[in-house]
Amino acid sequence: MTGLIDVLAGIQEFASAARLHIDLSVRVVGASPPLVRVRNRFSETLCETVTCSDEGAFITSWGYRLGTVDNVRDAAARLAYLMAALPA
């Protein structure tokens, strides 16, 4: 990766990849910075907020680096695994 990335585009791509996991409810929030709110549909407690850094890294609310815009599907799959979600 070189330079800054389009953070909103990264968030939207991450959300699309996360939606491939049937157990996850995914919502893009156009805040500043933009973020994705993800929750496991079958749990009251399994929820997470993900942001995208200017360098293209997807970061959870507790600071875990899920991956980068270079491989969005793997980053989303990592979050799904952490949230005990199944692929569609």
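For the structure, check the block above.
Now for a description of the structure that goes with this document. (Residues numbered from 1 in each chain as written. Predicted model: local features only at pLDDT ≥ 70, side-chain atom pairs only at ≥ 80, totals over all residues. Heavy atoms only, no water.)

### Points about the overall build of the protein
Then comes step 1: What the protein contains, in helices and strands, is 2 helices and 5 strands.
Then comes step 2: Its C-alpha atoms give the protein a radius of gyration of 12 Å, near enough to 12 Å, the size a compact globule of 88 residues would have.
Then comes step 3: Based on the C-alpha atoms only, the size of the protein along its principal axes is roughly 40 × 25 × 20 Å.
Then comes step 4: Looking at the protein as a whole, 41% of its 88 residues qualify as buried.
Then comes step 5: Partitioning the intrachain contacts of the protein with sequence separation of at least 6 by distance along the chain shows that 44% fall at a separation of at least 24.
Then comes step 6: Surface exposure of the protein reaches about 5,200 Å², of which carbon and sulfur atoms provide 53%.
Then comes step 7: Charged side chains of the protein number 8 positive and 9 negative; the gap between the two group centres comes to 7 Å. (Helix = DSSP H or I, 4+ residues; strand = E, 2+ residues; numbered from the N terminus. Rg over C-alpha atoms; globule rule 2.2 N^0.38 Å. Buried < 20%, exposed > 50% of the residue type's maximum accessible area, 1.4 Å probe, protein only. Contact = heavy atoms within 4.5 Å. Areas by Shrake-Rupley, 256 points an atom, 1.4 Å probe, with all protein chains shown as cover. Lys, Arg positive; Asp, Glu negative; His and termini not counted. Charge placed at Lys NZ, Arg CZ, Asp CG, Glu CD.)

### Quick word on the nonpolar core
Then comes step 1: Of all hydrophobic cores here, the largest spans 21 residues; its most connected members are Phe14, Leu24 and Phe58.
Then comes step 2: Sorting the residues of this core by element identifies α1 (7–18), β1 (24–29), β2 (35–40), β3 (47–52) and α2 (72–82) as the ones contributing at least two each.
Then comes step 3: Here the element with the most residues in this core is α1; it accounts for 6 residues.
Then comes step 4: In this view, Phe14 contacts Val36, Val50, Phe58, Leu66, Val72, Ala75, Ala76 and Leu79; residues no more than four positions away in its chain are not counted. (Core = buried A, V, L, I, M, F, W, Y, C linked by side-chain atoms within 4.5 Å.)

### Some points on a nonpolar patch on the surface
Then comes step 1: Together, Trp62, Tyr64, Tyr81 and Leu82 make up a nonpolar patch on the protein surface, roughly 500 Å² of accessible area in all.
Then comes step 2: Position of Tyr81 among the secondary structure elements: in helix α2. (Patch = residues over 30% accessible without salt bridge, like charges linked within 9 Å, V, L, I, M, F, W, Y side chains within 5 Å. Salt bridge = Lys/Arg side-chain N within 4 Å of Asp/Glu carboxyl O.)

### Concerning the environment of Leu24
Then comes step 1: Here Leu24 shows up in strand β1.
Then comes step 2: Separated by 13 residues in the primary sequence, Leu24 and Arg37 have C-alpha atoms spaced 9.9 Å apart.
Then comes step 3: In contact with Leu24, other than residues within four places in its own chain, are Ala18, Val38, Arg39, Asn40, Arg41, Ala80, Met83 and Ala85.

### Let's talk about the environment of Ile11
Then comes step 1: You can see Ile11 is positioned in helix α1.
Then comes step 2: Separated by 36 residues in the primary sequence, Ile11 and Cys47 have C-alpha atoms spaced 16 Å apart.
Then comes step 3: Those residues in contact with Ile11 that sit more than four places away from it in its chain are Val28, Pro34, Leu35, Val36, Val50, Thr51, Cys52 and Phe58.

### Re the sheet that holds β2
Then comes step 1: The 5 strands are arranged β1-β2-β3-β4-β5 in an open sheet whose pairing can be described as antiparallel. Edge strands, defined here as strands with exactly one partner in the open sheet, are β1 and β5 (65–68). Strand-to-strand twist of the sheet, defined as the mean angle between neighbouring strand axes without regard to direction, takes the value 20°.
Then comes step 2: Relative to β2, β1 runs antiparallel, the two sharing 6 bridges. Bridge pairing in β2 places Leu24 opposite Asn40.
Then comes step 3: Across the sheet, α2 is in contact with β1, β2, β3, β4 (57–60) and β5; its angle to β5 comes to roughly 160°. (Pairing = 2+ DSSP bridges. Axes fitted to C-alpha atoms, helices over the stretch in contact; angles between N-to-C directions.)

Just distances and angles here, no functional claims.
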